[in-house]
Amino acid sequence: MIPVAKPALGEEEVKAVQRVLESGMLAQGEEVARFEGEFAAYVGTRHAVATSSGTSALHLALLACGVGRGDEVITTPFTFIATANAILYCGAKPVFADIDERTFNISPGEIERRITPRTKAVLVVHLYGQPCDMAEIMELCEEHGLMLIEDACQAHGAEYRGKKAGSFGDAACFSFYPTKNMTTGEGGMVTTSSDEVAERVRLLRAHGAVRRYEHVELGYNYRMTDIAAAIGRVQLRKLEQMNARRIENARRLSEWLEGLKDVSVPYVTEGVRHVFHQYTVRCRRRGRVIAELERSGIGYGIHYPKPVHRQELYARLGYSRACLPVAERASEEVLSLPVHPMLEQEEVERVAEAVRRADR
Ligand SMILES: Cc1ncc(COP(=O)(O)O)c(C=O)c1O
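Scoring rules and cut-offs
Residues numbered from 1 in each chain as written. Predicted model: local features only at pLDDT ≥ 70, side-chain atom pairs only at ≥ 80, totals over all residues. Heavy atoms only, no water. Near = heavy atom within 4 Å. Polar contact = N/O pair within 3.5 Å; in protein donor to acceptor, adjacent residues only side chain to side chain. Areas by Shrake-Rupley, 256 points an atom, 1.4 Å probe, with all protein chains shown as cover. Helix = DSSP H or I, 4+ residues; strand = E, 2+ residues; numbered from the N terminus. Nonpolar A, V, L, I, M, F, W, Y, C, P; charged D, E, K, R; others polar. Core = buried A, V, L, I, M, F, W, Y, C linked by side-chain atoms within 4.5 Å. Buried < 20%, exposed > 50% of the residue type's maximum accessible area, 1.4 Å probe, protein only. Contact = heavy atoms within 4.5 Å.

Enquirer: Help me understand the site of the ligand in this model?
Expert: Close to the ligand lie 15 residues, the nearest being Gly54, Thr55, Asp151, Ser175 and Lys180. Contacts to the ligand include Gln154, whose side-chain N or O atom sits 2.9 Å from an oxygen atom. Here the ligand loses 93% of its free accessible area of 380 Å² to cover by the protein chains. Counting only elements with at least two residues in the shell around the ligand, the list comes to α3 (54-64) and α4 (82-89). A total of three residues in the shell around the ligand trace back to one element, the largest contributor, which is α3. Taken together, the residues of the shell around the ligand sort by class into five nonpolar, eight polar and two charged.

Next up, the structure:
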């Protein structure tokens, strides 16, 4: 079986965890502080604040950017549900803007159409590891006085015009879930160059405490452990090499799959470094390709089979009549193939061959 995702873990991660266990200091401490410093330097922001997950990073980033009850936040419907749920956690309203047909990322024109006097922020998602059209989105946010938050949970090391994803917005969020380009088991990070946002995220991450048992506001326990941070520090050192393998696997897949009848290979925008968290093709007859992958023992994923506004929770909140045709069509046609760095070259070939067989 070729799995669709597999974390790249080795002896170094084991040793790093052992070192923390032997120190007896398991909770958030020195390892987390070092991981934060190294991650900020990598992304190119003044600050990085570690959290318990990508979801908690999103929640805190939105709160720290001032999102609250009655605010509208424009985001994409074509994402993992955590993106939109984080807006709900703040008591704010997600407003969905349709996506670009080729990249599956939020369309700047659609964002603009949905700006109202209640819009507080735009939350973009660099889907599958490909940065959004940041020049246009930043200009829109500036023009309308909106906060900009990046969901970079799938985009560790991705670049837009030579600058890292996670360094464009007022805040950005990363996830270190095991399927991601780097992992800490569970974990997340907020990156920002604003001293004020960083300070608020730190405060809210630990029950709003300014000192031990001195609580000035309602916060959360969203801390990362030193065990997780120790794994993250090793993974960060390997990230460039792991991303290079993903990019090379994607290049080879696209070479073999280019020009098929019913399958289109991922579109990569000029001027971006797509880090292929997912290698997602578009299939006109997805069922056929899935049947062939299953016959061949090849894992796959559908990211995502339902856009967020079609989820039961959101239908109950009144989104069922939302008209987002590009996202809806995409959810019926997308298919993610194995691209992870643990694949052998012969396995990449087997994946491509199975898709080609289904296209005959
Ligand atoms: C786009 C996106 N946003 C948010 C999340 C949430 O991250 P986590 O699972 O670490 O809470 C994920 C990952 O699962 C994601 O892919």
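Enquirer: Help me out: how do you make sense of unusual backbone geometry in this one?
Expert: Among all residues save glycine, negative phi is the norm, and among peptide bonds the norm is trans. Between His303 and the following residue, Tyr304, the backbone shows a cis peptide bond with an omega angle of 15°. As for its position among the elements, Tyr304 is in the loop between α9 (286-295) and α10 (312-319). Although it is not a glycine, Tyr213 sits at a positive phi angle of roughly 60°.

Enquirer: How should the nonpolar core be read in this particular structure?
Expert: Most often, soluble globular proteins keep nonpolar side chains buried together rather than apart. If you look at the biggest cluster of nonpolar residues, it comprises 26 residues, and the most contacted ones within it are Leu62, Val67, Val73, Leu123, Ile149 and Val201. At the level of secondary structure, the elements contributing two or more residues to this core comprise α3, α4, β4 (119-125), β8 (171-175) and α7 (195-205). When sequence neighbours within four positions are dropped, the list of residues in contact with Val67 reads Leu62, Val73, Cys90, Ala92, Lys120 and Ala121. Ile2, Cys283, Val339 and Ala354 belong to the second largest nonpolar core, which has 25 residues in total.

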